[in-house]
Amino acid sequence: MNNVLRKNYPELGEVKAPYVHSVKHGSTLYISGMTAFGTAAQNKGIAEQAEEIFSQIKKIISIEGSDFSALIKVTIFITSFEEIDELRKVLYRNYGDHLPASSLVEVSRLFSPDLSIEIEAIFGL
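First things first, this report covers the structure right here in the doc. (Residues numbered from 1 in each chain as written. Predicted model: local features only at pLDDT ≥ 70, side-chain atom pairs only at ≥ 80, totals over all residues. Heavy atoms only, no water.)

1. Looking at the sheet that holds strand 1 (residues 4-7)
The condition is simple: Strands pair, by our definition, only if DSSP identifies at least two bridges between them. The secondary structure listing takes helices from DSSP runs of H or I that are at least 4 residues long and strands from runs of E that are at least 2 residues long, numbered from the N terminus. To get an axis, a line is fitted to the C-alpha atoms, and for a helix only the part in contact is used. The angle between two axes follows their N-to-C directions and goes from 0 to 180 degrees. Contacts are assigned to residue pairs with any non-hydrogen atoms lying within 4.5 Å of each other.
A sheet is described by the order of its strands in space; here six strands give the open sequence 1-2-3-6-4-5, paired in mixed fashion. Every other strand in the sheet has two partners, leaving strand 1 and strand 5 (101-106) as the edge strands with one partner each. The mean angle between the axes of side-by-side strands here comes to 10°, regardless of whether they run parallel or antiparallel. Strand direction decides the pairing type here: strand 1 and strand 2 (residues 22-25), joined by four bridges, are antiparallel. Following the sheet pairing, Leu5 is matched in strand 2 by Lys24. Where helix 1 (residues 46-63) meets the sheet, its contacts fall on strand 1, strand 3 (28-34), strand 4 (71-78) and strand 6 (117-124), and the angle it forms with strand 6 comes to roughly 25°.

Structural data, given as structure tokens:
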């Protein structure tokens, strides 16, 4: 597959696991599940963690020469629905008028106990 580009972004820190931040295939950019791990938001509530994740995603998509208007799909994993109203506010604020297809899944835990949300995203470039 010559048209597959796997990429890490130094701006987001070093990846310490067997994955890359994004994979570009043709004109589609797949962003790995992003969390607030290693950031000031790591021990905060779901809204703060989500804002940090969207900040990371925006860095990636900006580096790739696009913006949130190209967002196609998100998959969101959360550890509890208790703060869903706060999360929805963050989602609406970040999506603006460009609502994506979306899946929201409650999971028993993420890889670190102080994380409450992980977001994957797909963009059309």
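2. Here's the deal with the environment of Ala40
What counts here: Throughout this description, buried means an accessible area under 20% of the type-specific maximum (1.4 Å probe, protein chains only), exposed means over 50%, and partly exposed covers the range between.
Assignment of secondary structure puts Ala40 in the loop between strand 3 and helix 1. Residue classification places Ala40 among the exposed positions, given a relative accessible area of 73%. It is 8.7 Å that separates the C-alpha atoms of Ala40 and Glu52, two residues lying 12 residues apart in sequence.

3. With respect to the packing of helix 1 against helix 2 (residues 84-95)
This is how the line gets drawn: In what follows, roughly perpendicular refers to angles from 65 to 115 degrees, roughly parallel to angles under 35, roughly antiparallel to angles over 145, and oblique to any angle outside these ranges. Here is the rule for handedness: rotate from the far helix to the near one, and if that takes an anticlockwise turn smaller than a right angle the crossing is left-handed, while a clockwise turn gives right-handed. Amino acid classes used here: Ala, Val, Leu, Ile, Met, Phe, Trp, Tyr, Cys and Pro are nonpolar; Asp, Glu, Lys and Arg are charged; the rest, including Gly, are polar.
The N-to-C vectors of helix 1 and helix 2 enclose an angle of 25°; their axes lie 8 Å apart at closest approach. Comparing the axis directions of helix 1 and helix 2 gives the class roughly parallel. Along this stretch, helix 1 crosses helix 2, giving a crossing that reads as right-handed. In contact with Ile46, Ala47, Ala50, Glu51, Phe54 and Lys58 of helix 1, helix 2 contributes Glu86, Leu87, Val90, Leu91, Arg93, Asn94 and Tyr95. For the contact of helix 1 with helix 2, the class distribution of residues is eight nonpolar, one polar and four charged.

4. Section: the packing of aromatic side chains
The line we're drawing: Two aromatic rings, drawn from Phe, Tyr or Trp (for Trp, its six-membered ring), form a pair once their centres lie within 6.5 Å of each other, and the interplanar angle then sorts them: stacked below 30 degrees, edge-to-face above 60, tilted otherwise. In our convention, an over-ring charge means Lys NZ or Arg CZ found within 6 Å of a ring centre and within 35 degrees of that ring's normal.
Following the criterion strictly, the structure yields four aromatic pairs and no others. A cation sits over an aromatic face here: Lys58 above Phe68, 5.4 Å from the ring centre.

5. A look at the pattern of salt bridges
The condition that has to hold: The rule for a salt bridge is simple: a side-chain nitrogen of Lys or Arg has to be within 4 Å of a carboxyl oxygen of Asp or Glu.
Applying the stated criterion across every chain, the model contains three salt bridges. Between Lys7 and Glu64 there is a salt bridge, with the nearest N and O atoms lying 3.2 Å from each other. Taken together, the residues span a long stretch of sequence, with Lys7 in strand 1 and Glu64 in the loop between helix 1 and strand 4 at a distance of 57 residues. Of the residues examined, Lys7 reaches a relative accessible area of 28% and is grouped as partly exposed. A salt bridge links Glu51 to Arg93, with the nearest nitrogen and oxygen atoms 2.7 Å apart. Here Glu51 is found in helix 1, whereas its partner Arg93 is found in helix 2, with 42 residues between them in sequence. For Glu51, a relative accessible area of 27% puts it in the partly exposed group.

6. Describing the pairing of strand 4
Our working rule: Handedness of a crossover: with both strands directed away from the viewer, a clockwise path from the first strand across the helix to the second marks it as right-handed.
With six of eight residues buried, strand 4 lies mostly within the body of the structure. Summarising the sheet, strand 4 and strand 6 pair through seven bridges and their orientation is antiparallel. Opposite Thr75, over in strand 6, you have Glu120 as the bridge partner. Relative to strand 5, strand 4 runs parallel, the two being bridged by six bridges. Paired with Ile76 across the bridge in strand 5 is Leu104. Crossover connection from strand 4 via helix 2 to parallel strand 5: handedness right-handed.

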